[in-house]
Amino acid sequence: MANLFVSYGLGILIAFVTTGIIIAILGRNPMVAYAFLFEESVASVNGFGESLVKATPLLLCALGLAIAYKAKWWNIGSEGQLHMGAMASTWVGLNLATLLPPYVFFPFVILAGFVGGAAWSGLAGLMKVKLNANEIITTLLMNFVGVFIVNYATRIPWRDPTAQENWTRTLLESAWLPRIWPGTRLHAGFVLAVLMVPLLYVLMSKTVLGYRVRAVGSNLASARYGGINVSRTILITTAISGGLAGLAGMAEIFGVQYRLLGGFTLNFGTAYTAIIVAWLGKNNPVGVFLAAIFIGVIITGGEAMQRGAGVPLAVSSYFTGSILVLVLLSEALLPRVGKFWQRSLPTSS
Amino acid sequence: MAEIITDIFVITLFAAGIRLATPVLLTALGELLAERSGVLNLSLEGIMTAGTFAGFVAALYAGHSAGIAVGMLSGLLFGVLMAYMSVTLRADQVVTGMGLWLLGLGLIGFLFRSTLGVQIVPVTLTELQPVKIPFLGDIPILGPILFRQNMVVYFAILLVPVIGIFLFKTADGLKVTAVGENPLAADSLGVNVFRIRYACVIVGGALAGLGGAFLSLEAGVFREYMVAGRGWIAIAVVIFGNWNPYRALLGALLFGITEALQLRLQVILGYGFPVEFFYMLPYVVTIGILVLISRRAGPPAALMVPYKRGE
């Protein structure tokens, strides 16, 4: 456990340093920039709230990825699944808001979001299970298709005729996810995401399904030999994984944007970052929770650095990418350094 | 409709298809080498992005040749890092690849916005020009398609049989396959597993960097996300080429021609169909072919398995 802290700490520290160096090369003062980062993403109510807003879709997607990766289902299609969930839930939001009583409406919205993402992911799952199609490629390419579908929907059939941009009508205020922290944009979607953490923890470690998922992930042949229906387990895994990403899409629409827009996750930001979050959290729900908040802070901090110190916004995506690689490196190198250290110590005579 | 399918249409379609296939082909050939030696390099998308950007910037300052060289170099550097982490450190190849991909994406996004920046009128440079081969370029039909292409395109096409002969007819090539199928056996016969894997991954990285550089140099402009999934498509191409360079060429061509077709269909069918469905076409076709081919896929047995001496 101590090793974990050391390698993570080292990796993150070096990431801070290298990013700082790059910031300096670009002519800005890294210390000033980092001051802005901390001040406006952690040290203020508004800032930390914003960090949590950013963390919400990351947390949901990453929880989905954590399950998938436990089964060695390399889902990189969160982006497309998120978009499909957003689309499905928006449809419900726009068309059924007035037709259903609130206590039916909201569960429907959540269900739609989940189903949208689950179906998209399940499609890739079917392709893998029935046709042996590599899920890395299928889920990735389906991202593009999913995003194009949403772009089309917001540009033509669902477009708000009065709007200047490609987006749908705004959802009725009664349909919006309520804000839960005054002074911030933090919405109930965060609560949903947090609730998923213990839920998934129980699912993965206490239920039969969780056992099956882990078995399939650790040794496919043994799992099969032990009588587990691997195909079914994989399909269920893909559905849950995609469903959570779909919920993330729903949360973004109903809690932040209040309408579906083309290109709303800013060019593949969220879902790919979620991969990093899942990995940093070691595919464990609690770890993912912590990692999501951490990365949410980094992203918000990146925005702060841009506003305050003129550092380009893209710094946070470099930052998170380098954190992943550096932590990976630290984890791989530390045992070797340890051995080297031991060997070079004088032996007792 | 029939009046559109003229000679000129078909000729320019195929010529464009070859040109558009080249980035994917180069990257796929490189990845084919790496995977044959047992290493799955998922950072290709990041490497291509790096090559696209680095090559473009270098070309802005020092011309096309510099762009190509720098593109390859940036890919090579990524390849070294990937090789180090997966072969020496034996880190999980999937996570490492994805990590390097995201790192590359972030790094280039960061560098791009800090240097060239997103402007109303993007910075451009003169595109790579086609080079017509003297006699062959005048053959009807085949001439314009095959022999009036870019230098990089010629290189890519020639690389296919070169890699084919290397892999299947030379001792070193057979060693590569051996290392990918059964590194323990290869090692016991004196083959340096680590050196071969390093070499293949590094060459793979350099080729991907070249593929990326070609993308921006040929277009004359750099746009963020212009790689648009080609790195992943290259991996798909390796799979449905069944790890064979000649089949990979077919796969890359399929992608390139679909891309060329999609562009032309937009113009022809334009007002009838939403443009997004045309954009989707290459991706859907790639998924479709992948799905059809994957049933009898035959990856190298030791793919993704790090090799440790003494196990």
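Residues numbered from 1 in each chain as written. Chains lettered and ligands numbered in written order. Predicted model: local features only at pLDDT ≥ 70, side-chain atom pairs only at ≥ 80, totals over all residues. Heavy atoms only, no water.

Visitor: What is the right way to read the overall build of chain A from this model?
Guide: When helices and strands are counted, chain A shows 13 helices and zero strands. N-terminal to C-terminal, the α/β element order of chain A is α-α-α-α-α-α-α-α-α-α-α-α-α. Its C-alpha atoms give chain A a radius of gyration of 21 Å, within 12% of the compact-globule value 20 Å for 349 residues. Per-residue burial for chain A yields a buried fraction of 56% across its 349 residues. Of the contacts formed within chain A by residues at least 6 apart in sequence, a portion of 76% connects residues at least 24 apart. Of the roughly 14,900 Å² of accessible surface on chain A, 66% is carried by carbon and sulfur atoms. (Helix = DSSP H or I, 4+ residues; strand = E, 2+ residues; numbered from the N terminus. Rg over C-alpha atoms; globule rule 2.2 N^0.38 Å. Buried < 20%, exposed > 50% of the residue type's maximum accessible area, 1.4 Å probe, protein only. Contact = heavy atoms within 4.5 Å. Areas by Shrake-Rupley, 256 points an atom, 1.4 Å probe, with all protein chains shown as cover.)

Visitor: Would you explain the pattern of salt bridges in this entry?
Guide: In this structure the tally under the stated criterion is ten salt bridges over all chains. One salt bridge connects Glu 303 of chain A with Lys 54 of chain A, and the closest N-O pair in it is separated by 3.5 Å. Of the two residues, Glu 303 of chain A is situated in helix α12 (residues 285-309) and Lys 54 of chain A in helix α3 (residues 45-70); the sequence distance between them amounts to 249 residues. Note on Lys 54 of chain A: relative accessible area 18%, which makes it buried. Between Glu 218 of chain B and Arg 19 of chain B there is a salt bridge, with the nearest N and O atoms lying 2.7 Å from each other. Of this pair, Glu 218 of chain B sits in helix α8 (residues 193-219) while Arg 19 of chain B sits in helix α1 (residues 7-36), and the two are 199 residues apart along the sequence. By relative accessible area, Arg 19 of chain B is classed as partly exposed at 29%. Through salt bridges with shared partners, a single ionic network connects Glu 50, Lys 54, Arg 185 and Glu 303 of chain A. (Salt bridge = Lys/Arg side-chain N within 4 Å of Asp/Glu carboxyl O.)

Visitor: Hey, could you run me through unusual backbone geometry in this one?
Guide: The phi torsion of most residues other than glycine is negative, and most of the peptide bonds are trans. Residue and element names in this part refer to chain B. We note that Ala 228 has phi near 50°; this positive angle belongs to a residue other than glycine. As for its position among the elements, Ala 228 is in the loop between α8 and α9 (230-240). With a phi close to 50°, Asn 242 is a non-glycine residue in the positive phi region. The class for Asn 242 is partly exposed, based on a relative accessible area of 23%.

Visitor: Hey, could you run me through helix α3 (residues 93-114) of chain B in this one?
Guide: A turn of α-helix holds 3.6 residues, and therefore any two residues three or four places apart point the same way. Helix length check: α3 of chain B (22 residues) gives 31 Å between terminal C-alpha atoms against 32 Å at 1.5 Å per residue, within 8%. A large share of α3 of chain B lies buried, amounting to 17 of its 22 residues. (Expected span 1.5 Å × (residues − 1).)

Visitor: Sorry if this is basic, but what is going on with the nonpolar core here?
Guide: Nonpolar side chains tend toward joint burial in soluble globular proteins. Core analysis: the biggest nonpolar cluster contains 192 residues, and Tyr 69, Ile 275 and Leu 280 of chain A have the highest contact counts within it. By residue number, the principal contributor to this core is helix α2 (residues 44-88) of chain B, which donates twelve residues. Those residues in contact with Leu 280 of chain A that lie beyond four places of it in its chain are Tyr 8, Ala 291, Ile 295, Ile 323 and Val 327 of chain A. Ranked by size, the runner-up nonpolar core spans six residues in total, among them Val 53, Phe 190, Val 256 and Ile 293 of chain A. (Core = buried A, V, L, I, M, F, W, Y, C linked by side-chain atoms within 4.5 Å.)

Visitor: Sorry if this is basic, but what is going on with the side chain of Glu 79 of chain A here?
Guide: Residue and element names in this part refer to chain A. Here Glu 79 lies in helix α4 (residues 78-96). We classify Glu 79 as buried; its relative accessible area is 1%. Within the structure, the side chain of Glu 79 is placed 3.3 Å from the backbone nitrogen of Ala 271, a separation counted as a polar contact. (Polar contact = N/O pair within 3.5 Å; in protein donor to acceptor, adjacent residues only side chain to side chain.)

Visitor: Looking at this structure, how should I read a positive patch on the surface?
Guide: A surface patch of positive charge is lined by Arg 336, Lys 339 and Arg 343 of chain A together with Lys 308 of chain B. Position of Arg 336 of chain A among the secondary structure elements: in helix α13 (residues 315-344). Relative accessible area serves as the criterion here: at 34%, Arg 336 of chain A is assigned to the partly exposed category. (Patch = residues over 30% accessible without salt bridge, like charges linked within 9 Å, V, L, I, M, F, W, Y side chains within 5 Å. Lys, Arg positive; Asp, Glu negative; His and termini not counted. Charge placed at Lys NZ, Arg CZ, Asp CG, Glu CD.)

Visitor: Even after reading the chapter, I still don't get the packing of aromatic side chains, so can you show me in this structure?
Guide: Two aromatic rings are characterised by how far apart their centres lie and by the angle between their planes. What the rule picks out here adds up to 20 aromatic pairs over all chains. Aromatic pair Phe 16 of chain A and Phe 38 of chain A: ring centres 6.1 Å apart, planes at 10°, arrangement stacked. Residue Phe 16 of chain A is found in helix α1 (residues 2-25), and its partner Phe 38 of chain A is found in helix α2 (residues 30-41); the two are separated by 22 residues along the sequence. You can call Phe 16 of chain A buried: its relative accessible area is 15%. Judged by its relative accessible area of 44%, Phe 38 of chain A falls in the partly exposed class. Where Phe 148 of chain A meets Tyr 279 of chain B, the ring centres are 5.5 Å apart and the plane angle is 45°; that geometry is what we call tilted. In this pair, Phe 148 of chain A is assigned in helix α6 (residues 135-155) and Tyr 279 of chain B in helix α11 (residues 275-293), connecting two distinct chains. Given a relative accessible area of 36%, Tyr 279 of chain B falls into the partly exposed group. An aromatic cluster of three or more residues is present, and its members are Phe 16, Tyr 34, Phe 38 and Phe 319 of chain A. (Phe/Tyr/Trp six-rings, centres within 6.5 Å; stacked < 30°, edge-to-face > 60°.)

The analysis is restricted to geometry; functional conclusions fall outside its scope.
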